[in-house]
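A closer look at the structure
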Amino acid sequence: MCPYGYYSQIDNYSREMIICKKNKEICPFTRFCSKQNKIIPNDTYGHTMGDCIMRKNIDLPEGSSRVVKEVSNKDFLYVDIEIDNDLFTYKFKNPYKEIPEYVYVKENIDGTYAIVEKRTRSKKQ
């Protein structure tokens, strides 16, 4: 399930719904499962939680770069870096115990990039 989704009871509905922590609305990427008799993330029919713009768009602090959470894992981070108004994705060894939402990246003298280990917000996955 999306890291921003959580189950909550809504007045107008008899079942718990998945609510987005970012906009406090019912997640549109859900469906009813008759086998489990509950609302579950829609992971099989076209649009999934991975397509959600609320999940992809976060407010980044000045000078930071977004971590592509869909492909990052505990060993490697894939980071979107803007170079001359073009967006490139670089792979870095993950220096953190969790997958952060953003990191600070610096360019080295030889033209390579490295993660600057500052405190960042992170979400467990």
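Residues numbered from 1 in each chain as written. Predicted model: local features only at pLDDT ≥ 70, side-chain atom pairs only at ≥ 80, totals over all residues. Heavy atoms only, no water.

**Digging into the overall build of the chain**
Check the secondary structure of the chain and you find one helix and 11 strands. Sequence-ordered secondary structure for the chain, helices as α and strands as β, is β-β-β-β-α-β-β-β-β-β-β-β. Within the span of the chain, comprising 125 residues, buried residues form 34% of the whole. Taking all contacts inside the chain whose residues are at least 6 apart in sequence as the whole, residues at least 24 apart take part in 29%. Put simply, the chain shows about 8700 Å² of open surface, and 47% of that area lies on carbon and sulfur atoms. (Helix = DSSP H or I, 4+ residues; strand = E, 2+ residues; numbered from the N terminus. Buried < 20%, exposed > 50% of the residue type's maximum accessible area, 1.4 Å probe, protein only. Contact = heavy atoms within 4.5 Å. Areas by Shrake-Rupley, 256 points an atom, 1.4 Å probe, with all protein chains shown as cover.)

**Things to note about the pairing of strand S1 (residues 5–9)**
The sheet contact formed by S1 and strand S2 (residues 16–20) spans five bridges and is antiparallel. By the bridge assignment, Ser8 is partnered in S2 with Met17. (Pairing = 2+ DSSP bridges.)

**Brief notes about the sheet that holds strand S5 (residues 64–66)**
Across the sheet, which stays open at both edges, the three strands sit in the order S5-S9-S10 with antiparallel pairing between neighbours. Taken across any chain shown, the strands that pair with only one partner, and hence form the sheet edges, are S5 and strand S10 (113–116). With direction set aside, neighbouring strand axes in the sheet form an average angle of 55°. (Axes fitted to C-alpha atoms, helices over the stretch in contact; angles between N-to-C directions.)

**Some points on the side chain of Thr30**
Relative to the helices and strands, Thr30 is located in strand S3 (residues 30–33). Within polar-contact distance, the side chain of Thr30 engages the backbone oxygen of Cys27 at 3.1 Å. Non-local contacts of Thr30, meaning those with residues more than four positions away in its chain, are made with Ile18, Ile39, Ile40, Pro41, Asn42 and Met49. (Polar contact = N/O pair within 3.5 Å; in protein donor to acceptor, adjacent residues only side chain to side chain.)

**Re the pattern of salt bridges**
Counted under the stated rule, the structure contains one salt bridge. A salt bridge links Arg66 to Asp80, with the shortest nitrogen-to-oxygen separation between them at 3.2 Å. Residue Arg66 is found in strand S5, and its partner Asp80 is found in strand S6 (residues 76–83); the two are separated by 14 residues along the sequence. Since its relative accessible area comes to 12%, Asp80 is described here as buried. (Salt bridge = Lys/Arg side-chain N within 4 Å of Asp/Glu carboxyl O.)

**Here's the deal with the packing of aromatic side chains**
Considering all chains together, one arrives at three aromatic pairs under this definition. Ring geometry for Tyr90 and Tyr113: centres 5.2 Å apart, planes at 50°, overall tilted. One end of the pair, Tyr90, is in strand S7 (residues 86–93); the other, Tyr113, is in strand S10, and 23 residues separate them in sequence. Between the aromatic rings of Tyr102 and Tyr104, the centroid separation amounts to 6.1 Å while the plane-to-plane angle is 90°, which identifies the pairing as edge-to-face. Both residues of the pair, Tyr102 and Tyr104, count as buried. For Lys22, the ring lying beneath its charged end belongs to Tyr4, and the centroid distance is 4.8 Å. In this structure, Lys91 is placed above the aromatic ring of Phe76, and the distance from its NZ or CZ to the ring centre is 4.3 Å. (Phe/Tyr/Trp six-rings, centres within 6.5 Å; stacked < 30°, edge-to-face > 60°. Lys NZ or Arg CZ within 6 Å of the ring centre and 35° of its normal.)

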